[in-house]
Amino acid sequence: MIDLGWGYTARPIPLESYREACARLEGWIFGGNWLYAFDPPAKAPPPLGEDFTWGLYHGTELIGWSHAHQRDERTVYMADTGILPEHQGRGLYTRLLPAVLQAFRTAGYTLVQSHHRATNNRVIVPKLRAGFLVQGLNLYEGGLNVALTLSLDPAYQEAQHVRSGFRAPEAQGARGEAARRLGLRPPGTQAPAPVPQVKMPASPGPEEDLGSGYTLHPVGYELYLDVYRQLEHSAYSSVSFDWPAAPRLEDPAGRRYAWLIGHQGQVAGWQLSRQWDRRTAYMVNTALLPAHRGQGLYSRLLPVVLRALQAKGYDLVRSHHHATNNAVLIPKLRAGFFMQGLQVDEHGVMAVLVHSFAPEYQEAMHLRSGLHRPQGRSGRRLGLTCPEEA
């Protein structure tokens, strides 16, 4: 039995008991989802393999379940977790996850996989916080799903960072092992160069207090660019394609919005956004110097930038991040961004995130992903009307 606190427990149950609970309760738990109704299957399902099935209890009452099964010789698939609505929003999933992962580790698995509707941030965020990485998007009978994978092997986890372009391979430790397994020769280990000290310039606009001695200052693009060029190599460990020549064209015309982050009279980071199209702003570049990370500064910066972009008249804000950069993906998803795509470009494998200031547009994205059923004005805006509304 797993004690989940506050009177909740998880206990192993037979597969048949899980299936009975699904038949009895899944409409109550998942009834708001939007599914495609297949005809009855013509083929028998493949053999299930080893399974890990827990019932979730509040006292003696069954209030949910977690079911996983073997996918191949090194992978276990978290196929289904359900919690009755009145017990959701209490951190139960986050408390269950470490115990489930430990069971997979003890059983000898290397990889843990799961799929979730792309706008279901309530599940995606705790998975990313547990170390899962975004591995893809797929469109299936339940809607648009994001594929997540957790590696219980540190070298494989590091190899995914190398694949995405988020980190370069290193010669020692887990990163050196990742390079060896990828068939790469990592660069020799050398001490990092000291971070230059850049004095905060005078700001033409009112500063914003970010707490803990940090301030945000709006600046002109040229001033931002000067600071960026001085500190770029100290702010990033990612690996982009090294173009052999400078670009031949000018940047496209569009409005730019730049800020510098100050701390004790020095530059601690920056943020640059620009116009993407007539409705959309693009958060091009946010960086915090190493000494200023891990303090929640990015989470405090986000709402300030979003308010400023909304005040400029934008309906949407988009951003691109390395697909394995959970340190940025998590606060973005918690701030209301949704996973909208993956792309491969000169910087690596990038997750595309979009935030909408319009609740109806956010609801439309829930409909696209299949997390919610079409109803009301949001459904009609997509040309979708359920029979009960006809």
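Data block above holds the structure.
Below is a short write-up of the structure. (Residues numbered from 1 in each chain as written. Predicted model: local features only at pLDDT ≥ 70, side-chain atom pairs only at ≥ 80, totals over all residues. Heavy atoms only, no water.)

## Examining helix α6 (residues 221-235)
Line of reasoning, step 1. Compared with an ideal rise of 1.5 Å per residue, which puts 15 residues at 21 Å, α6 spans 18 Å between its outermost C-alpha atoms and falls more than 12% short.
Line of reasoning, step 2. The largest bend in α6 comes to about 45 degrees, at arginine 229.
Line of reasoning, step 3. Among all positions of α6, only Tyr224, Leu225, Val227, Tyr228, Leu231, Ser234 and Ala235 are buried.
Line of reasoning, step 4. Its buried side turned inward, α6 meets β10 (214-219), β11 (256-263), β12 (266-275) and β13 (280-288). (Helix = DSSP H or I, 4+ residues; strand = E, 2+ residues; numbered from the N terminus. Expected span 1.5 Å × (residues − 1). Bend = angle between axes of the 7 residues up to and from the residue. Buried < 20%, exposed > 50% of the residue type's maximum accessible area, 1.4 Å probe, protein only. Contact = heavy atoms within 4.5 Å.)

## Overview of the pairing of strand β9 (residues 208-211)
Successive residues of a regular strand alternate their side chains across the two faces of the sheet.
Line of reasoning, step 1. In terms of strand pairing, β9 meets β10 through three bridges, oriented antiparallel. When the bridges of β10 are listed, glutamate 208 appears paired with leucine 216.
Line of reasoning, step 2. Where β9 folds back onto β10 in an antiparallel hairpin, the turn is made up of two residues, including serine 212, whose phi is positive at roughly 60 degrees. (Pairing = 2+ DSSP bridges.)

## Here's the deal with the sheet that holds β9
Line of reasoning, step 1. Overall, mixed pairing links the eight strands, which are arranged β9-β10-β11-β12-β13-β14-β16-β15 in an open sheet. The open sheet is flanked by β9 and β15 (338-345), the only strands paired with a single partner. Between one strand axis and the next, the sheet turns by 25 degrees as a mean value, whatever way the strands run.
Line of reasoning, step 2. The pairing of β15 with strand β16 (residues 348-356) spans seven bridges and is antiparallel. (Axes fitted to C-alpha atoms, helices over the stretch in contact; angles between N-to-C directions.)

## Some words on the pattern of salt bridges
Line of reasoning, step 1. Per the stated rule, a full pass over the model turns up nine salt bridges.
Line of reasoning, step 2. The shortest N-O distance in the salt bridge between arginine 307 and glutamate 208 comes to 3.6 Å. You can see arginine 307 sitting in helix α7 (residues 297-311) and its partner glutamate 208 sitting in strand β9, a full 99 residues away along the chain.
Line of reasoning, step 3. The exposure class assigned to arginine 307 is partly exposed, which follows from its relative accessible area of 47%.
Line of reasoning, step 4. Its relative accessible area of 34% is what places glutamate 208 among the partly exposed residues.
Line of reasoning, step 5. Salt-bridge contacts for glutamate 360 lead to arginine 377; the nearest nitrogen and oxygen are separated by 2.4 Å. Taken as a pair, glutamate 360 in helix α9 (residues 359-369) and arginine 377 in helix α10 (residues 376-381) lie far apart in primary sequence, 17 residues in all.
Line of reasoning, step 6. A relative accessible area of 26% means that glutamate 360 is categorised as partly exposed.
Line of reasoning, step 7. A network of salt bridges, in which partner residues are shared, links Glu177, Arg180 and Arg181. (Salt bridge = Lys/Arg side-chain N within 4 Å of Asp/Glu carboxyl O.)

## Notes on the pairing of strand β5 (residues 75-83)
Line of reasoning, step 1. The element β5 is extensively covered by neighbouring structure, given that seven of its nine residues are classed as buried.
Line of reasoning, step 2. Where strand β4 (residues 61-70) lies against β5, seven bridges are found, and the strand directions are antiparallel. Bridge pairing links histidine 67 to aspartate 80 in β5.
Line of reasoning, step 3. Judged from the three bridges that link them, β5 and strand β6 (residues 111-117) form a sheet pairing that is parallel. Pairing of valine 76 across the sheet is with valine 112, part of β6.
Line of reasoning, step 4. In this region the chain leaves β5, passes through helix α2 (residues 92-107) and returns to the parallel neighbour β6; the handedness of that crossover is right-handed. (Right-handed = clockwise from strand over helix to strand, strands pointing away.)

## Brief notes about the packing of aromatic side chains
Line of reasoning, step 1. Counted under the stated rule, the structure contains 13 aromatic pairs.
Line of reasoning, step 2. Measuring from ring centre to ring centre gives 5.8 Å for tyrosine 224 and tyrosine 228, while their planes differ by 35 degrees; the resulting arrangement is tilted. Of this pair, tyrosine 224 and tyrosine 228 both sit in helix α6, separated by four residues, roughly a single helical turn. Both residues of the pair, tyrosine 224 and tyrosine 228, count as buried.
Line of reasoning, step 3. Here the aromatic residues Tyr221, Tyr224, Tyr228, Tyr236 and Trp270 are joined through ring pairs into a cluster of three or more. (Phe/Tyr/Trp six-rings, centres within 6.5 Å; stacked < 30°, edge-to-face > 60°.)

## A closer look at the packing of α2 against helix α3 (residues 121-129)
Line of reasoning, step 1. Two numbers describe how α2 lies on α3: the axes approach to 10 Å, and their chain directions differ by 35 degrees. Once α2 is placed against α3, the crossing between them reads as right-handed. Taken together, the residues of α3 that come into contact with α2 (itself represented by Tyr93, Thr94 and Leu97) are Val123, Pro126 and Lys127.
Line of reasoning, step 2. Per-class residue counts for the contact of α2 with α3 are four nonpolar, one polar and one charged. (Left-handed = near helix turned anticlockwise from the far one by under 90°. Nonpolar A, V, L, I, M, F, W, Y, C, P; charged D, E, K, R; others polar.)

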